[in-house]
Amino acid sequence: MKGFEYLQQELDQMKANGTFRELIPLESKQGSRVTIKGKEVIQLSSNNYLGLTDHPRLKEAALQAIERYGAGTGSVRTIAGTLTMHEQFEHKLAKFKHTEAALVFQSGFTTNQGVLSSMLTDQDVVISDELNHASIIDGIRLTKAGRKIYKHVDMQSLEERLRESESYRTKLIVTDGVFSMDGNIAPLPEIVELAERYGALVMVDDAHASGVLGDNGRGTVNHFGLDGRVHIQVGTLSKAIGVLGGYVATTQTLKDYLIHKGRPFLFSTSHPPAVTAACEAAIDVLLEEPELIDKLWDNTKFFKQGLEQLGFDIGISKTPITPVMIGDESLTHRFSDELFKEGVFAQGIVYPTVQKGQGRVRTIVTAEHSQEALQEALHAFEKAAKTLNIL
Ligand SMILES: *Cc1c(COP(=O)(O)O)cnc(C)c1O
C-alpha cells in the first residue's frame, strides 16, 4: 500500500546506522532463564524484580478470579466496569503506601498521563527533571500548564526553577524515584525540603522502586522516611508487582478529582478480574515474603561487584538496575548480540532512549537468579568483551 514511503526511508536509514531492531519474542515464560530463538539464555533484561510474574499465589488468584468473575469487565470504571475487587484492591494499596487513597489506572504510562493532564491548568506550573520517564514528558505535553525542566537531580537548578515560578497557583515538582536507564535514586529529601520552602507539591514516579526500595517494597518515599510529605506517588503494577497496571497513591481529594477528570480512567476499560486479583496477591507477597526483596539486593550486590572486578564501567546506579556503559550505539548492539551467543540476554539501550553516545547494555538481576547463574553471566560478559575488545 502506498503512502508510507517517507517512513520506510527513515527505517532504511536506521538499518544503515545499525540501530534498527527486531522484536525478540520469548518462547518460554518470563523467568531467570528464558528460551529465545530455540536457545536457553539467562534473562537480564526484564523488570520482573521479584519473580512475581510466575509466583504461584498470583497465578492461583488469577485463575480463581477468572472462574468467579470471568475474563473481562465489559466497561470503563465510571460506567459499569467497577467490581468490588477493584475498590478492595485500591484500599489495600492505599494502606500499603501509607496514603489516604489510591486509584488504579490501566498502566503506569496512563497514570502519569492522566494525573498530569487533568490536575494542572494554565494557572499552574510543572517543574520536571530532564531525565524523567517518557510518560511524564507526554503527560506534561497534554497540559496547558507552564513547563520548566531542571537539570538531572541538580538541586540548584531546581531551586532556580522554583524561584522563577512564584506567580503560579500550583507548582508541581515531578521526578522519577529511580531513574530507569541509570538506576540512580532521586534526592527526595532535598526535593521535599525545597518544595516545602517554596510551597510546591511533589509527585514521585516510583515505577522502578515499588517492590524494590522501602519497607516491604513501599518505594522511595518510605525508603527516605518521607511518608506523609509527598503529595502524589505514582507506581506501576507491571514491574516488580509482576502483572499490569499503574496507580496513584495520594489524597482522597485528588482521587475523587481523577475519577471525574482523569481521561485514561474515564475512557478506557477497567482491568480484567485476573489482573486485579493477581495484583492484590502480589501485595500480600510483598508483606509476607520480604525475603524475596533481601534476595534481590544480595544478587544486586554480587552482580555489581563481579562486573566492577572485571573492569566494566557500571555508571552511578544505586539499585538493581545496572547499566554496562559502552557508548557507541552500534557497538552497544553488537555487545548485546555477542552476549546472546554466550548465553545471556541483555538488551542494548541507545539513543533516543538515552543520549547519543551513551549506549549501554542495561541489566536487571532478579530475586529468581541463582548465584551460579549470575556467575555464569559474568563469564559471558568477560568473554563477549574480549571478543569485541571492549575492556
Ligand atoms: C515503566 C515505567 C512507567 C510505565 O509503567 P507501565 O506500567 O509499564 O506503563 C512509568 N514510569 C516509569 C519511571 C517507568 O519506568
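Residues numbered from 1 in each chain as written. Predicted model: local features only at pLDDT ≥ 70, side-chain atom pairs only at ≥ 80, totals over all residues. Heavy atoms only, no water.

The protein is annotated in an unreviewed UniProt entry as 8-amino-7-ketopelargonate synthase from Pontibacillus litoralis JSM 072002. In its Sequence similarities (unreviewed entry) section, the UniProt entry covering the protein states "Belongs to the class-II pyridoxal-phosphate-dependent aminotransferase family. BioF subfamily." One UniProt comment on the protein, placed under Subunit (unreviewed entry), says "Homodimer." (UniProt positions renumbered as here; feature names shortened; annotations may be inferred.)

Participant: What should I look at first to understand the sheet that holds strand β12 (residues 348-349) in this one?
Facilitator: Read across the open sheet, the three strands follow the order β10-β13-β12; overall the sheet is antiparallel. Sheet topology places β10 (321-327) and β12 at the edges, where each strand pairs with a single neighbour. (Pairing = 2+ DSSP bridges. Helix = DSSP H or I, 4+ residues; strand = E, 2+ residues; numbered from the N terminus.)

Participant: Got a minute to help me understand the site of the ligand in this structure?
Facilitator: The environment of the ligand is formed by 15 residues, the closest being Gly108, Asp205, Thr236, Ser238 and Lys239. His133 has a polar side-chain atom sitting 3.3 Å from a nitrogen atom of the ligand. His208 is positioned with one of its side-chain polar atoms (N or O) 3.2 Å from an oxygen atom of the ligand. Burial of the ligand by the surrounding chains reaches 87%, relative to a free accessible area of 380 Å². When residues of the shell around the ligand are assigned to their parent elements, the largest contribution, three residues, is made by helix α4 (residues 108-119). A class-by-class count of the residues in the shell around the ligand yields two nonpolar, ten polar and three charged. (Near = heavy atom within 4 Å. Polar contact = N/O pair within 3.5 Å; in protein donor to acceptor, adjacent residues only side chain to side chain. Areas by Shrake-Rupley, 256 points an atom, 1.4 Å probe, with all protein chains shown as cover. Nonpolar A, V, L, I, M, F, W, Y, C, P; charged D, E, K, R; others polar.)

Participant: Please clarify how the UniProt feature "domain: Aminotransferase class I/classII large" (unreviewed entry) in the protein should be interpreted in this entry.
Facilitator: Here, the residues flagged by UniProt with the feature "domain: Aminotransferase class I/classII large" (unreviewed entry) are residues 40-381. Its end C-alpha atoms 16 Å apart, residues 40-381 is made of 43% helix and 17% strand.

Participant: Teacher, can you tell me more about the sheet that holds strand β11 (residues 344-345) here?
Facilitator: Pairing between the strands of a sheet is mediated by backbone hydrogen bonds and can be parallel or antiparallel. As summarised here, the arrangement of the three strands in space is β1-β2-β11, forming an open sheet in which the pairing is mixed. At either margin of the open sheet sits one strand with a lone partner, and together these are β1 (33-36) and β11.

Participant: What am I meant to see in the pattern of salt bridges here?
Facilitator: Working definition: two side chains of opposite charge can pair if their charged atoms are close together. As enumerated under the stated definition, the model contains 23 salt bridges in all. A salt bridge links Arg77 to Glu90; its shortest N-O distance comes to 3.0 Å. In this pair, Arg77 is assigned in the loop between α2 (56-69) and α3 (84-97) and Glu90 in helix α3, connecting sequence segments 13 residues apart. Each member of the pair, Arg77 as well as Glu90, is classed as buried. Taking the shortest distance from any N to any O, the salt bridge between Glu196 and Arg229 comes out at 3.0 Å. Of this pair, Glu196 sits in helix α7 (residues 188-198) while Arg229 sits in the loop between α8 (220-223) and β8 (232-236), and the two are 33 residues apart along the sequence. The class of Glu196 is partly exposed, set by a relative accessible area of 44%. When its relative accessible area of 37% is taken as the criterion, Arg229 is described as partly exposed. (Salt bridge = Lys/Arg side-chain N within 4 Å of Asp/Glu carboxyl O. Buried < 20%, exposed > 50% of the residue type's maximum accessible area, 1.4 Å probe, protein only.)

Participant: How do you make sense of the packing of aromatic side chains when you look at a structure like this?
Facilitator: Describing an aromatic ring pair means giving the distance of the ring centres and the angle of the ring planes. Taken as a whole, this structure holds five aromatic pairs when the rule is applied. Here the aromatic rings of Phe303 and Phe381 are separated by 6.1 Å at their centres, their planes lie at 75 degrees, and the arrangement is edge-to-face. Here Phe303 is found in helix α12 (residues 291-310), whereas its partner Phe381 is found in helix α14 (residues 371-387), with 78 residues between them in sequence. Comparing Phe303 with Phe381, the two get one shared label, buried. (Phe/Tyr/Trp six-rings, centres within 6.5 Å; stacked < 30°, edge-to-face > 60°.)

Participant: Hey, could you run me through the UniProt feature "modified residue: N6-(pyridoxal phosphate)lysine" (unreviewed entry) in the protein in this one?
Facilitator: The feature "modified residue: N6-(pyridoxal phosphate)lysine" (unreviewed entry), as annotated in UniProt, sits at Lys239 in this numbering. With respect to the helices and strands, Lys239 occurs in the loop between β8 and β9 (246-250). By relative accessible area, Lys239 is classed as buried at 16%.

Participant: Got a minute to help me understand the nonpolar core in this structure?
Facilitator: Soluble globular proteins tend to bury their nonpolar side chains together. Of all hydrophobic cores here, the largest spans 37 residues; its most connected members are Tyr49 and Leu50. Elements that contribute at least two residues to this core include exactly α2, α3, β3 (101-105), β9, α11 (273-288) and α12. The leading source of residues in this core is α11, at nine residues. If you count residues domain by domain, this core takes at least three from each of domain 1 (20-53 + 290-388) and domain 2 (73-271). Ignoring any residue separated from it by four or fewer positions in sequence, one finds Leu50 in contact with Gly211, Ala240, Leu286, Leu292, Ile293, Leu296 and Ala367. (Core = buried A, V, L, I, M, F, W, Y, C linked by side-chain atoms within 4.5 Å. Domains from an automatic or database assignment. Contact = heavy atoms within 4.5 Å.)

Participant: It is not clear to me how helix α5 (residues 134-141) should be interpreted in this structure. Could you clarify?
Facilitator: Because an α-helix packs 3.6 residues into every turn, residues spaced three or four apart end up facing the same way. Where α5 is concerned, the buried positions are Ser135, Ile136, Gly139 and Ile140. Burial along α5 is one-sided: seen end-on, the buried residues are contained in an arc of 140 degrees. In the core, the buried residues of α5 are packed alongside α4, β4 (125-129), β5 (146-150), β6 (171-176) and β7 (201-205). (Arc of directions from axis to C-beta.)

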